[in-house]
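# Observations on the model geometry
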Amino acid sequence: MQKITPHLWFDKEAKEAAEFYTSIFPQSKIKDTTTLHNTPSGTVDIVTIELLGQEFMLISAGPLFKFNEAISFMVSCDTQEEIDYYWERLSAVPEAEQCGWLKDKYGLSWQVSPTVLGEMMKNGTREQIDRVTQAFLPMKKFDIAALNRAYKGET
């Protein structure tokens, strides 16, 4: 059992969200579903899922809390095709898209980021990092080819 498990609060959609997320991420599954009755929120569903080896708990406990950008989940992608895959399936709020961030249909924020970007920021010179930063700031979905061009100083 992992030591820290993200716990996500939904109004009524925990079961639906569990099916949605496990359909997107490979090697994912719904591990358990429990229904609690007679709680202050009424009937509550608690669903445990695993996404790419990471366990999450989802709860349907009413409209008391909403997701916001203070919490997001980063998905590291090795290829543009992988970025495109997650972006197409997760992004549901176009006006929330910026610098690799998106919001799904439940209001949960995700960062779909190329692994090469982390390498560029870690290993680049100050000039390379500055060029890459200026290249990604106006992007919504990351473009690995454009980031590589910026890193190399190509226009």
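Only a predicted model underlies this, so the values are computations on that prediction, with no experimental measurement involved.

Our next topic: the nonpolar core. Ranked by internal contacts, the top residues of the largest apolar core, which has 39 residues, are Tyr 21, Leu 58, Leu 90, Trp 110 and Leu 147. Ranked by the residues each element gives to this core, the list is headed by helix α1 (residues 14–24), at six residues. Apart from the residues within four sequence positions on either side, Leu 147 is in contact with Pro 114, Leu 117, Met 120, Val 132, Ala 135, Phe 136, Met 139 and Phe 142.

This brings us to helix α2 (residues 80–90). Counting along an α-helix, one turn takes 3.6 residues, and residues three or four places apart therefore face a common direction. Buried within α2 we find Ile 83, Tyr 86, Trp 87 and Leu 90. The arc enclosing the buried residues of α2, seen along the axis, measures out at 100°, which places them on a common side. When the buried face of α2 is taken as reference, the exposed residues oriented beyond 90 degrees from it are Glu 81 and Glu 88. Check the buried side of α2 and you find it contacts α1, β5 (72–77), β6 (101–103), β7 (109–114) and α5 (144–152).

Turning to the environment of Gly 42, a few remarks are in order. With respect to the helices and strands, Gly 42 occurs in strand β3 (residues 42–51). Leaving out residues up to four positions away in the same chain, Gly 42 has contacts with Leu 36 and His 37.

Attention now goes to the packing of α1 against α2. Taken N-terminus to C-terminus, the directions of α1 and α2 make an angle of 160°; their axes are 11 Å apart at the nearest point. One element, α1, and the other, α2, form an angle in the roughly antiparallel class. Crossing of α1 over α2 shows right-handed handedness. Facing α1, whose interface residues are Phe 20, Tyr 21, Ser 23 and Ile 24, α2 presents Tyr 85, Tyr 86, Arg 89 and Leu 90. When its residues are assigned to classes, the contact of α1 with α2 shows six nonpolar, one polar and one charged.

The next thing to look at is the sheet that holds β3. With mixed pairing, the four strands of this open sheet are ordered in space as β1-β4-β3-β2. Two strands lie at the open edges of the sheet, namely β1 (7–10) and β2 (29–39), each paired on one side alone. Averaged over all adjacent pairs, the angle separating strand axes in this sheet is 20°, with direction ignored. The pairing of β2 with β3 spans eight bridges and is classified as antiparallel. Opposite Thr 34, over in β3, you have Ile 46 as the bridge partner. Against the sheet, α1 makes contact with β1, β2, β3 and β4 (54–60), and its axis sits at roughly 10° relative to β3, the strand it touches most.

Scoring rules and cut-offs
Residues numbered from 1 in each chain as written. Predicted model: local features only at pLDDT ≥ 70, side-chain atom pairs only at ≥ 80, totals over all residues. Heavy atoms only, no water. Core = buried A, V, L, I, M, F, W, Y, C linked by side-chain atoms within 4.5 Å. Buried < 20%, exposed > 50% of the residue type's maximum accessible area, 1.4 Å probe, protein only. Helix = DSSP H or I, 4+ residues; strand = E, 2+ residues; numbered from the N terminus. Contact = heavy atoms within 4.5 Å. Arc of directions from axis to C-beta. Axes fitted to C-alpha atoms, helices over the stretch in contact; angles between N-to-C directions. Parallel < 35°, antiparallel > 145°, perpendicular 65-115°, else oblique. Left-handed = near helix turned anticlockwise from the far one by under 90°. Nonpolar A, V, L, I, M, F, W, Y, C, P; charged D, E, K, R; others polar. Pairing = 2+ DSSP bridges.

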